[in-house]
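A look at the structure
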Amino acid sequence: MYQPLADALRPQELSDVCGQQHILGENGLLRRIIESGSVPNMIFYGPSGTGKTTVANLIAKKTQRKLCKLNATTASSADIKEIYAQLDTFLAPNGVLLYLDEIQYFNKKQQQILLSYIENGDITLIASTTENPYFYVYNAILSRSTVFEFKQLTPDDISAVLDRAIGILSEEKGKKIKISADAEKKISRAAAGDVRRSLNMLELCVLTSENETEIDITDDTVEEIAAANAVRYDREGDEHYDIISAYQKSMRGSDPDAAVYYLGRLLAAGDLPSACRR
């Protein structure tokens, strides 16, 4: 069965997680909480592909709790009740860790039902969201949770993951993978801070460059695949306001290169009105 490269390379230890040193470093608060073994309700907030799901998996492994995953876009209150029914059974002898992805899609009533299960500690909640939780998450859940921000990864962070992935793929396929430093850097930049996206691009490069004896990834191949994955924009979310803010500041600071870059991001996303208003 096919397994995406990003899933196959998912870190198995906290030290392998890419970036997030502000919370997972040697003295990071989240690391200290995880190593204590007593995990409170938490909300992970940040862009896609920054390690939120990975860290939830590692917490479940560290605390030896059953990890139940739900996505708020498709889950219902009945799904939460079904998870609650597993408590104190052989299915979850050490309790349940509920990972709820995209919690912002739960309405207020659903979040209130969720609150009734996490309030007394029967279920430990780790919710994730790409939106600002202080705008989208019910206040009562926020007051019972610790919020951790996962920051966008740097190109250097992603380059380290790509180096590891290239080594593993080369060993698995029994072929040398040729890729220039500039091409690898282009992938890390085109990923826009999303390690999952970078690995997906690398995987496409490998699949389209393999022959009988080697895998020669040309700069043109990287350019083509990177161009198809270059635009990242969320018209209703924080990404929209971040780009507009950067666009305004670059014009105010007389930085023409930055202004043209952020203008290009707006136009590529089809947001001409926002660009014209500024």
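Here, the structure is the one placed above.
Below is a summary of the structure that appears in this document. (Residues numbered from 1 in each chain as written. Predicted model: local features only at pLDDT ≥ 70, side-chain atom pairs only at ≥ 80, totals over all residues. Heavy atoms only, no water.)

Every buried residue of helix α10 (residues 181-190) is listed here: Ala-183, Glu-184, Ile-187, Ser-188 and Ala-190. Directly after α10, the chain includes Ala-192, whose backbone phi takes a positive value near 55 degrees. (Buried < 20%, exposed > 50% of the residue type's maximum accessible area, 1.4 Å probe, protein only. Helix = DSSP H or I, 4+ residues; strand = E, 2+ residues; numbered from the N terminus.)

Our focus in this paragraph is the sheet that holds strand β5 (residues 146-149). Strand order across the open sheet formed by five strands is β2-β3-β4-β1-β5, with parallel pairing between neighbours. In this open sheet, the two strands that pair with only one neighbour each are β2 (66-71) and β5. Each strand axis lies, on average, 20 degrees off the axis of its neighbour in the sheet, ignoring direction. In this structure, strand β1 (residues 42-45) lies alongside strand β4 (residues 123-129), joined through four bridges in parallel fashion. (Pairing = 2+ DSSP bridges. Axes fitted to C-alpha atoms, helices over the stretch in contact; angles between N-to-C directions.)

So, about unusual backbone geometry. Of note, Glu-102 is a non-glycine position whose phi angle comes to about 55 degrees, a positive value. Residue classification places Glu-102 among the buried residues on the basis of a relative accessible area of 17%. Residues other than glycine seldom take positive phi values, yet Ala-192 does so here, at roughly 55 degrees. Position of Ala-192 relative to the elements: it lies in the loop between α10 and α11 (195-207).

Side chains of Asp-182, Asp-219, Asp-220 and Glu-224 sit close together on the surface and give a patch of like negative charge. Looking at which element gives the most residues to the negative patch, the answer is helix α12 (residues 219-228), with three residues. Tracing the chain through its elements places Asp-220 in helix α12. (Patch = residues over 30% accessible without salt bridge, like charges linked within 9 Å, V, L, I, M, F, W, Y side chains within 5 Å. Areas by Shrake-Rupley, 256 points an atom, 1.4 Å probe, with all protein chains shown as cover. Salt bridge = Lys/Arg side-chain N within 4 Å of Asp/Glu carboxyl O. Lys, Arg positive; Asp, Glu negative; His and termini not counted. Charge placed at Lys NZ, Arg CZ, Asp CG, Glu CD.)

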